[in-house]
Amino acid sequence: MTKWYRENAPITEDKLADELMRLKRGSVSRRHFLGVTGLGLATAVLARQPGLFNSAAYAAGDLGTQMSIATWPNYHDPATFEAFTAATGVAVEVNVFGSNEEMLAKLQAGGTGWDLFVPTNYTISTYVKLGLIDELDLSKLPNYDASTENARFTNEGIVDGKTYAVPKNWGTTGIAVNSDKIKAPVASWKDFFEIAMTEADGRAMVHDYQLTTIGNALVSLGFSFNSIKPEELAKAEELLIKVKPHLYAINSDYQPSMRATDAWMTMCWTNDGAQLNRDMPEIKFVLGKDGGEIWSDFYAIPKSAANKPAGYALLDYLMTPANAVKEHIANGAPTTDSRVMKLLPADVTSNKIVYPDEAALTPLEFGAAVTLTDPGRAELMARFKSA
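None of these values were measured; they are calculated from a predicted model.

Parameters and conventions
Residues numbered from 1 in each chain as written. Predicted model: local features only at pLDDT ≥ 70, side-chain atom pairs only at ≥ 80, totals over all residues. Heavy atoms only, no water. Salt bridge = Lys/Arg side-chain N within 4 Å of Asp/Glu carboxyl O. Helix = DSSP H or I, 4+ residues; strand = E, 2+ residues; numbered from the N terminus. Buried < 20%, exposed > 50% of the residue type's maximum accessible area, 1.4 Å probe, protein only. Expected span 1.5 Å × (residues − 1). Polar contact = N/O pair within 3.5 Å; in protein donor to acceptor, adjacent residues only side chain to side chain. Contact = heavy atoms within 4.5 Å. Axes fitted to C-alpha atoms, helices over the stretch in contact; angles between N-to-C directions. Parallel < 35°, antiparallel > 145°, perpendicular 65-115°, else oblique. Pairing = 2+ DSSP bridges. Nonpolar A, V, L, I, M, F, W, Y, C, P; charged D, E, K, R; others polar. Core = buried A, V, L, I, M, F, W, Y, C linked by side-chain atoms within 4.5 Å.

Undergrad: Can you help me understand the pattern of salt bridges in this one?
TA: Charged atoms that come close allow side chains of opposite charge to pair. Inspection of the entire model under this criterion finds 10 salt bridges. A salt bridge links lysine 308 to aspartate 134; its shortest N-O distance comes to 2.7 Å. Here aspartate 134 lies in the loop between α7 (124-129) and α8 (151-154) and lysine 308 lies in helix α14 (residues 308-319), a separation of 174 residues in the sequence. On the basis of relative accessibility, which here comes to 13%, the residue aspartate 134 falls in the buried class. Linked through salt bridges whose partners overlap, the residues forming this network are Asp134, Lys303 and Lys308.

Undergrad: Honestly, unusual backbone geometry in this entry has me stumped. Any pointers?
TA: Negative phi values dominate among residues other than glycine, just as trans dominates among peptide bonds. Positive phi, normally seen in glycine, also occurs at aspartate 160, with a value near 55 degrees. Position of aspartate 160 among the secondary structure elements: in the loop between β4 (158-159) and β5 (162-163). You can call aspartate 160 exposed: its relative accessible area is 75%. In this model, threonine 261 sits at a positive phi of 60 degrees, which is unusual for a non-glycine residue. Inspection of the secondary structure puts threonine 261 in the loop between α12 (255-259) and β9 (265-269). For threonine 261, a relative accessible area of 26% translates into the label partly exposed.

Undergrad: Would you mind showing me how to read α14 here?
TA: Residues spaced three or four apart along an α-helix point in a common direction, a consequence of the helix completing one turn every 3.6 residues. Between the first and last C-alpha of α14 there are 16 Å, a value that for 12 residues agrees with the 16 Å anticipated at 1.5 Å per step. Along α14, the residues that are buried comprise Ala310, Gly311, Tyr312, Ala313, Leu314, Leu315, Asp316, Tyr317, Leu318 and Met319. For α14, the side-chain oxygen to backbone nitrogen distance between the N-cap and alanine 310 is 3.2 Å, and the N-cap itself is asparagine 307.

Undergrad: Can you walk me through the environment of methionine 103 in this structure?
TA: Relative to the helices and strands, methionine 103 is located in helix α6 (residues 100-109). Methionine 103 gets classed as buried once you look at its relative accessible area, which sits at 0%. For the pair methionine 103 and phenylalanine 117, spaced 14 residues apart in sequence, the C-alpha to C-alpha distance is 8.7 Å. For methionine 103, the residues in contact, after removing those within four places along its chain, are Ala70, Thr71, Trp72, Phe97, Trp114, Phe117, Val118 and Tyr127.

Undergrad: Teacher, can you tell me more about the packing of helix α9 (residues 189-196) against helix α10 (residues 210-220) here?
TA: Any two packed helices are characterised by how steeply their axes cross, that is the angle between the axes, and by the distance between the axes. It is the contact of α9 with α10, at a shortest axis distance of 7 Å, that shows an interaxial angle of 105 degrees. Taken together, the axis directions place α9 and α10 in an arrangement best described as roughly perpendicular. Facing Trp189, Lys190 and Phe193 of α9, the residues of α10 in contact are Thr213, Asn216, Ala217, Val219 and Ser220.

Undergrad: Honestly, the pairing of β9 in this entry has me stumped. Any pointers?
TA: Looking along a regular strand, one sees the side chains alternate between the two faces of the sheet. When you tally the buried positions in β9, you get 5 out of 5 residues, the bulk of the element. Bridge count for strand β6 (residues 166-178) against β9 is 5 bridges, and the pairing is antiparallel. From the neighbouring strand, isoleucine 175 faces β9, where its bridge partner is methionine 267. For strand β7 (residues 204-206) and β9, the ladder comprises 2 bridges, and the chain directions are parallel. For alanine 204, the partnering residue across the bridge sits in β9 and is methionine 265.

Undergrad: Explain the packing of α10 against helix α11 (residues 230-243) here, please?
TA: Where α10 meets α11, the axes come as close as 9 Å, and the angle between the chain directions of the two elements is 100 degrees. Comparing their axes, α11 and α10 come out roughly perpendicular. Where α10 abuts α11, its residues Thr213, Ile214, Ala217, Leu218 and Ser220 lie against Glu232, Leu233, Ala236, Leu239 and Leu240. Considering only residue class, the contact of α10 with α11 consists of 7 nonpolar, 2 polar and 1 charged.

Undergrad: Please explain the nonpolar core as it appears in this structure.
TA: In terms of nonpolar packing, the biggest core is built from 105 residues, with Ile69, Leu116, Phe117, Met265, Tyr299 and Leu314 touching the most fellow members. Examining the composition of this core, we find that 8 residues originate from one element, α14, more than from any other. Ignoring sequence-local partners within four residues, the contact set of leucine 314 consists of Met67, Ile69, Phe81, Phe84, Val92 and Leu116.

Undergrad: Would you mind showing me how to read the side chain of threonine 270 here?
TA: For threonine 270, the position within the fold is in helix α13 (residues 270-279). Apart from residues no more than four positions distant in its own chain, threonine 270 is found in contact with Gly171, Thr172, Phe285, Trp295, Gly332, Ala333, Pro334, Ile353 and Val354.

Undergrad: When you look at the side chain of threonine 213 in this model, what are you seeing that I'm missing?
TA: Locating threonine 213 in the fold gives a position in helix α10. Its relative accessible area of 0% is what places threonine 213 among the buried residues. There is a polar contact of 2.6 Å between the side chain of threonine 213 and the backbone oxygen of histidine 207. When neighbours within four sequence positions are excluded, threonine 213 is seen to be in contact with Phe193, Val206, His207, Leu240, Met267, Met381 and Phe384.

So, in structure tokens, the structure goes:
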């Protein structure tokens, strides 16, 4: 009874507005939004928010009236999907995930309902091997131009000479730190874990994602971000178990906690770092001088997609430079497309969070495919979370 009351208690206007913006950013799921706001109130709000979910007012012939995308928290400009709906009549439902392992498990289970999703570079070869994604029909993507893409970040979308995914953006995994709260210098992953247990005790967050949480623990100990060696994983586990009692949370959607100053330091992706620093300049973004991750994210279409025409339509819309540049400005992640780069304002291209110097990128590693399905890393993460 107490739990029911808490979840269905009247919601304030400010809280509703906050939850609505989280939904539109893709930071929370539709189920979460309906649950915390109350079904009746949520339904009334959604009726005044065309483009969030399906509506009889949107009819688009062969494209249907709705589609679904699986992506990451805080990763899109809500206006992009609203403009797509206005142009096509197809409402876009956003499903948010915190790790590639979650996405893989959902696809393997079947029936996701996704028509488009956003996998990271190191996962694509596994999706192809397992037969979970389609080879893309590039004739349906006239706004995609492979010749304008930076090969450093885009090659992993091509497997055995066939294109299975096209790039969204690239970025890094670093540390966001509130400099008003933490005075000790944070320059490495070694610093991160030490400060999490001292000055940031009870105020630090790690991802709910084995690649980065285990990877950065490995880096802090002098090992490869991608290590699957049992003896090195054992040392990383020892560190993670030691730090866990000092953490504020294990969560890949850390922006709300950092903005509220409930958390003072977190593992952080480029786009979140740029957004946080833009709105709260005291939150700095640091790349570990001892290493860490550089990544690129892609768009792909699942074999199980129910509405592939709409998946292609949205993907082509997102590949259009005039649309993509708005996404990059709002999102904060760097582009892989030279056409988009030319359209970005100077304050974006000169931002060292978004486009760091090459020297800062040199110690970083792209994720390796083996880490996605390695049982040793999966079991370590499970033990860490349950400890």
